[in-house]
Amino acid sequence: MAQLIVALDFPEKEALLDTARALKGIVPWCKVGLEAFILSGPSIVAQLADMGFKVFLDLKLYDIPNTVSHAVAAGARNGVSIMTIHCQGGKKMCTAAMEAAEAASVNGERPYIFGVTALTSFGPCEMPGIASTPQDFALQLARSADGWGIDGVVCSGLEVKSIKMQTSLLALCPGIRPAGADKNDQARVCTPLQAVKSGADFLVVGRPITRAADPAGAAKAILEEMAG
Ligand code: C5P
């Protein structure tokens, strides 16, 4: 059964916490991204974990293996349950991240490491220096990363089916939009039901929930759609 993660992308900590309070007990996972992390600092992770959320820290790490390895270890110490890196960091970087996550294991629990393939905001011909389509590129990277030991990949719901068929990786899909919702800056979008039917393990939804007049109601509607 796929799990829902709400992306708490807010310019102010209080607005983020207000929405988290509204979603507490409804959505099990929340995502802290660059905006929230840079504004509020690592303490926001602990605050959300204390509220009962499992926290996905989405910093999309891309650096030399040593730096990424230490960043993953620091995230694990801070109570993070999922962290992201870029598959484009290559085998050594991805392996270093995974080793750090495994070394941080406590009572068999450790953060999952997901590698970003192609951002869901990329449309055709928009990836600098890359001739293949985002879908083809995402599949190609996922097939490579399948042998690097990471837990899963971040991809759009449009390519999740082929990735799940050709790899043994978990799939985490942003770019989720209920039918008729504004795409915003996303390009490769699909509905919650399409993503679940295609085999996604985690769905990341931000604005359709956080900018709704009733975030709890919007989250419940998405959870219902996911359940089929
Ligand atoms: O508001 P929206 O539903 O578009 O938010 C999607 C979230 O997923 C954002 O926090 C964004 O940073 C994240 N994300 C993404 N595409 C990726 C990886 C992460 O949209 N490839």
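Remember, predicted model here, so these are calculated numbers, not experimental data. (Residues numbered from 1 in each chain as written. Predicted model: local features only at pLDDT ≥ 70, side-chain atom pairs only at ≥ 80, totals over all residues. Heavy atoms only, no water.)

Things to note about the pattern of salt bridges
Thinking step 1. In this structure the tally under the stated criterion is eight salt bridges.
Thinking step 2. Residue Arg 21 pairs with Asp 18 through a salt bridge whose shortest N-O separation is 2.8 Å. Taken together, the positions of Arg 21 and Asp 18, both in helix α1 (residues 13-23) and three residues apart, correspond to about one turn of that helix.
Thinking step 3. Residue Asp 18 is classed as partly exposed on the basis of its relative accessible area of 46%.
Thinking step 4. Glu 159 is the salt-bridge partner of Arg 188, the closest N and O atoms lying 2.6 Å from each other. Note that Arg 188 is positioned in the loop between β7 (170-173) and α8 (192-198) and Glu 159 in the loop between β6 (152-154) and α7 (160-166), a separation of 29 residues in sequence.
Thinking step 5. Under the relative-accessibility criterion, Arg 188 is labelled buried at 4%. (Salt bridge = Lys/Arg side-chain N within 4 Å of Asp/Glu carboxyl O. Helix = DSSP H or I, 4+ residues; strand = E, 2+ residues; numbered from the N terminus. Buried < 20%, exposed > 50% of the residue type's maximum accessible area, 1.4 Å probe, protein only.)

Considering the site of the ligand
Thinking step 1. Residues in contact with the ligand amount to 16 residues; listed here are only the nearest, Asp 9, Lys 31, Arg 177, Gly 206 and Arg 207.
Thinking step 2. Between the ligand and Asp 9, the relevant distance is 2.6 Å, taken from an oxygen atom to a side-chain nitrogen or oxygen of the residue.
Thinking step 3. Here Thr 120 contributes a side-chain N or O atom positioned 2.8 Å from a nitrogen atom of the ligand.
Thinking step 4. Expressed as a share of its isolated accessible area of 460 Å², the protein-covered part of the ligand is 88%.
Thinking step 5. Its residues placed into classes, the shell around the ligand shows seven nonpolar, three polar and six charged. (Near = heavy atom within 4 Å. Polar contact = N/O pair within 3.5 Å; in protein donor to acceptor, adjacent residues only side chain to side chain. Areas by Shrake-Rupley, 256 points an atom, 1.4 Å probe, with all protein chains shown as cover. Nonpolar A, V, L, I, M, F, W, Y, C, P; charged D, E, K, R; others polar.)

Points about the side chain of Glu 159
Thinking step 1. By relative accessible area, which is 1% here, Glu 159 ends up buried.
Thinking step 2. Reaching out from Glu 159, the side chain makes a polar contact with the side chain of Arg 188 at a distance of 2.6 Å.
Thinking step 3. Once you skip the residues sitting within four places of it in the chain, Glu 159 turns out to touch Gln 135, Ala 138 and Arg 188. (Contact = heavy atoms within 4.5 Å.)

Section: the sheet that holds β6
Thinking step 1. Pairing is parallel around the closed barrel formed by eight strands, whose spatial order is β1-β2-β3-β4-β5-β6-β7-β8. Between one strand axis and the next, the sheet turns by 25° as a mean value, whatever way the strands run.
Thinking step 2. As judged from the three bridges shared by β6 and β7, these two strands associate in the parallel manner. Note that in β7 the partner of Gly 152 across the bridge is Leu 170. (Pairing = 2+ DSSP bridges. Axes fitted to C-alpha atoms, helices over the stretch in contact; angles between N-to-C directions.)

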